[in-house]
Amino acid sequence: MVVGAQATEVDLVVIGSGPGGYVAAIRAAELGKKVTIIEKDNVGGVCLNIGCIPSKALINIGHHYQESLEEEKGENPFGLSVGNVKLNWESAQKWKQDKVVNQLTGGVKMLLKKHKVDVIQGTAEFIDNNTINVEQEDGFQLLQFNDVIISTGSRPIEIPSFPFGGRIIDSTGALSLPEVPKHLIIVGGGVIGSELGGAYRMLGSKITIVEGLDHILNGFDKEMSDIIANRVKSAGSEIFTSAMAKSATQTDKDVTLTFEVDGKEQTVTGDYLLVSVGRRPNTDLIGLNNTDVKLTDRGLIEVDDSYATNVPHIYAIGDVVPGPMLAHKASFQAKVAAAAIAGAEDDVDLHVALPAVAYTTTELATVGETPESVKDRKDVKISKFPFAANGRAISMNDTTGFLRLITETKEGALIGAQIVGPGASDLISGLSLAIENGLTSKDISLTIQPHPTLGEAIMDTAELADGLPIHV
Ligand code: NAI
């Protein structure tokens, strides 16, 4: 930046174009604002380019490969067999990039253009409460704004004693490995470790998960995560819980992790080491120290119900504010902040119905209250229905897991739901809608579900809550 340079006046600036930023930009434009979005990498952010979307593509390839292998070995129960299953890794990666990631990011670019959002490629840094400097490949520009939404997301946390590099990779590296690892070691069995571990396990890797807590998938209860853990272990991979990673060394062929379990040191050697121990908010490199914006002691930006910071025209959404780091949370907050800036607020509360999903080999999903969060309440009922009693699940040969509803005993209002099993990621949507709209177990059990569907498990669980079960 050149001192004394002239700033261009703009209306609303959005920093970052992930599921928070691009949604905020489009919604604000729909509500009449003139929007400028600044992006330092690719439009679409982590989620579309190197996160949620490509990982789901990889998981999908894993499922297909696994099923084909079972068919090749004649291990499926349908009497189906095929010969000579081969995975062309290069084609798989190309499909993931060209047909999935590029199609979606291209779509977002088109939507931004359609809404006349100016996209500036560059790195934004606050100069003061009203000015941003954008460093670009061929220079810089100063923008003086009326309002700004910070949606700069997060990045993987690095373990200082073994930083990323070579065979020690983060989630981005794990999505574009040159080969399917023979043995993938994973430090951190949270959502990223378990999802990518599941994908590579289905693609033929042995996996070893080293997790500090007493169970993997810490966002879900142990009854749910145990189903995944047992599945991982039964397939010849291994999980060490209450185990802390200590150090790692690598050669050009492999990498060795040293970790501690029950006070004893152990080592494991594999060809790659994925470190997925959480993400940190990108609030440290954007010049917030030049503004009056307040941060929490964890480096997150403090916001009110409209996602305004203590500086009223500076807003923040997504991974940079407190709460779970979820793309759909960022998109929701984007719409609330855009409406507040455009003077079009309706209901700005984030209700209890914030769903979360783990796209593990068997999916997990949760929304609202959990058995843990209601453990001290006497006025709730927990009802659980197994997929083993669902006709569609049986005909799919996928009966793992259960659907659980948490209802209040007085009126039967649904306040929480968890699903482990086939279609969990899609089934949870209906339950979010039910909670958001204050539906009761009676409302749900009296809603007709088509037969045979996995969705009937929702009706069956609600009947259990009503005390009138048919199928168990
Ligand atoms: P995470 O917080 O889910 O899990 C990290 C795990 O690493 C924890 O269980 C922690 O106990 C463990 N850990 C930390 N240090 C360790 C050490 N030295 N040795 C052993 N274990 C250690 O974080 P993750 O999986 O990196 O995901 C980051 C964020 O991305 C999450 O907040 C998640 O919500 C989001 N995400 C969401 C997805 C989804 O919604 N499906 C998919 C992927 C990520």
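Residues numbered from 1 in each chain as written. Predicted model: local features only at pLDDT ≥ 70, side-chain atom pairs only at ≥ 80, totals over all residues. Heavy atoms only, no water.

Under an unreviewed UniProt entry, the name given to the chain is Dihydrolipoyl dehydrogenase, and the organism recorded is Lactococcus cremoris subsp. cremoris GE214. In its Catalytic activity (unreviewed entry) section, the UniProt record describing the chain reads: "N(6)-[(R)-dihydrolipoyl]-L-lysyl-[protein] + NAD(+) = N(6)-[(R)-lipoyl]-L-lysyl-[protein] + NADH + H(+)". (UniProt positions renumbered as here; feature names shortened; annotations may be inferred.)

Colleague: Would you mind going over the pattern of salt bridges in detail, with residue names and values included?
Modeller: Scanning the model with the defined rule gives 18 salt bridges in all. The shortest N-O distance in the salt bridge between E238 and K206 comes to 3.8 Å. Here E238 is found in strand 11 (residues 238–240), whereas its partner K206 is found in strand 10 (residues 206–210), with 32 residues between them in sequence. One salt bridge connects K384 with E223, and the closest N-O pair in it is separated by 2.4 Å. Linking K384 in strand 20 (residues 380–386) with E223 in helix 7 (residues 222–234), this pair joins segments that are 161 residues apart in sequence. Through salt bridges with shared partners, a single ionic network connects D221, E223, K384 and R404. (Salt bridge = Lys/Arg side-chain N within 4 Å of Asp/Glu carboxyl O. Helix = DSSP H or I, 4+ residues; strand = E, 2+ residues; numbered from the N terminus.)

Colleague: Please provide a residue-by-residue account of unusual backbone geometry, values included.
Modeller: Geometrically, the link from H451 to P452 is a cis peptide bond, its omega value of -5° lying close to zero. Structurally, P452 can be placed in the loop between helix 11 (441–445) and helix 12 (456–466). Despite not being glycine, N84 has its phi angle at roughly 50°, a positive value. Along the chain, N84 falls in the loop between helix 3 (52–72) and helix 4 (89–114). Since its relative accessible area comes to 60%, N84 is described here as exposed. (Buried < 20%, exposed > 50% of the residue type's maximum accessible area, 1.4 Å probe, protein only.)

Colleague: Tell me about the sheet that holds strand 12 (residues 243–250), and name the residues and values.
Modeller: Here we have three strands laid out as an open sheet, ordered 12-13-14, and antiparallel in their pairing. Looking at strand neighbours, the two that pair on one side only are strand 12 and strand 14 (264–270), the edges of this open sheet. Adjacent strand axes in the sheet meet at a mean angle of 25° when their direction is disregarded. (Pairing = 2+ DSSP bridges. Axes fitted to C-alpha atoms, helices over the stretch in contact; angles between N-to-C directions.)

Colleague: I'd love a proper account of the sheet that holds strand 20, names of residues and values included.
Modeller: What the five strands build is an open sheet, ordered 18-19-22-21-20; its pairing is antiparallel. Among the strands making up the open sheet, the edge pair consists of strand 18 (356–358) and strand 20. Along the sheet, successive strands turn relative to each other by an average axial angle of 10°, direction set aside. In terms of strand pairing, strand 21 (residues 402–408) meets strand 22 (residues 414–420) through six bridges, oriented antiparallel. Residue pairing for strand 22: R404 is matched across the bridge by Q418.

Colleague: Outline the UniProt feature "domain: FAD/NAD(P)-binding" (unreviewed entry) in the chain, listing residues and values.
Modeller: Listed under "domain: FAD/NAD(P)-binding" (unreviewed entry) in the UniProt record, and renumbered for this structure, are residues 11–334. Taken end to end, residues 11–334 comprises 31% helix and 27% strand; its first and last C-alpha atoms sit 17 Å apart.

Colleague: Tell me about the site of the ligand, residues and numbers included.
Modeller: Taken together, 22 residues are adjacent to the ligand, and I192, E195, E211, G278 and V357 come closest. Interatomic distance of 2.9 Å between a backbone N/O atom of I192 and an oxygen atom of the ligand. The separation between an oxygen atom of the ligand and a polar side-chain atom of N218 is 2.9 Å. For the ligand, the protein covers 79% of the area, taking 850 Å² as the surface of the free molecule. Breaking the shell around the ligand down by element, the ones donating at least two residues are helix 6 (191–202) and strand 12. (Near = heavy atom within 4 Å. Polar contact = N/O pair within 3.5 Å; in protein donor to acceptor, adjacent residues only side chain to side chain. Areas by Shrake-Rupley, 256 points an atom, 1.4 Å probe, with all protein chains shown as cover.)

Colleague: With reference to specific residues and values, describe the domain arrangement of the chain.
Modeller: In terms of domains, the chain is made up of domain 1 (8–50 + 93–155 + 280–347), domain 2 (168–277) and domain 3 (362–466). Once you take the C-alpha centre of each, domain 1 and domain 2 turn out to be 33 Å apart. (Domains from an automatic or database assignment.)

Colleague: Quick one: what's the story with the UniProt feature "binding site: NAD(+)" (unreviewed entry) in the chain, residue by residue and with numbers?
Modeller: Mapped onto this numbering, the UniProt entry annotates "binding site: NAD(+)" (unreviewed entry) at G188, G189, G190, V191, I192, G193, S194, E195, E211 and G278. In summary, the annotated positions, though distributed over 91 residues, converge in three dimensions, the widest C-alpha pair being only 14.0 Å. With relative accessibility at 11%, the residue G190 sits in the buried group. Classification of I192 as partly exposed rests on a relative accessible area of 30%.

Colleague: A description of helix 4 should follow, citing residues and the corresponding values.
Modeller: Between its terminal C-alpha atoms helix 4 stretches 36 Å, which fits the 38 Å expected from 26 residues at 1.5 Å a residue. Of all the bends in helix 4, the largest measures some 35° and sits at N102. Looking only at helix 4, the buried set comprises W89, A92, Q93, K96, V100, V101, T105, V108 and L112. Looking at the buried side of helix 4, the elements it contacts are helix 1 (21–30), helix 2 (45–50), helix 3, strand 3 (118–121), helix 5 (171–175) and helix 6. (Expected span 1.5 Å × (residues − 1). Bend = angle between axes of the 7 residues up to and from the residue. Contact = heavy atoms within 4.5 Å.)

Colleague: Run through the pairing of strand 9 (residues 183–187), naming residues and quoting values.
Modeller: Successive side chains on a regular strand alternate, one facing one side of the sheet and the next facing the other. For strand 9, the buried fraction is high: five of the five residues fall into the buried class. Neither face of strand 9 is open: one carries H183, I185 and V187, the other L184 and I186, and all of them are buried. As defined by bridge partners, strand 9 adjoins strand 10 across five bridges and the pair is classed as parallel. Across the sheet, residue V187 finds its bridge partner in strand 10, namely V210. In the classification by handedness, the crossover that spans strand 9, the intervening helix 6 and the parallel strand 10 is right-handed. (Right-handed = clockwise from strand over helix to strand, strands pointing away.)

Colleague: How would you explain the packing of helix 1 against helix 4 if you had to name every residue and give the values?
Modeller: In the contact formed by helix 1 and helix 4, the axes pass within 9 Å of each other and the chain directions differ by 25°. Viewed along their axes, helix 1 and helix 4 adopt a mutual orientation that is roughly parallel. Crossing angle aside, the handedness with which helix 1 passes helix 4 is left-handed. Of helix 4, the residues touching helix 1 (which contributes Y22, A25 and I26) are V108, L111 and L112. Residues belonging to the contact of helix 1 with helix 4 are distributed by class as follows: six nonpolar, no polar and no charged. (Parallel < 35°, antiparallel > 145°, perpendicular 65-115°, else oblique. Left-handed = near helix turned anticlockwise from the far one by under 90°. Nonpolar A, V, L, I, M, F, W, Y, C, P; charged D, E, K, R; others polar.)

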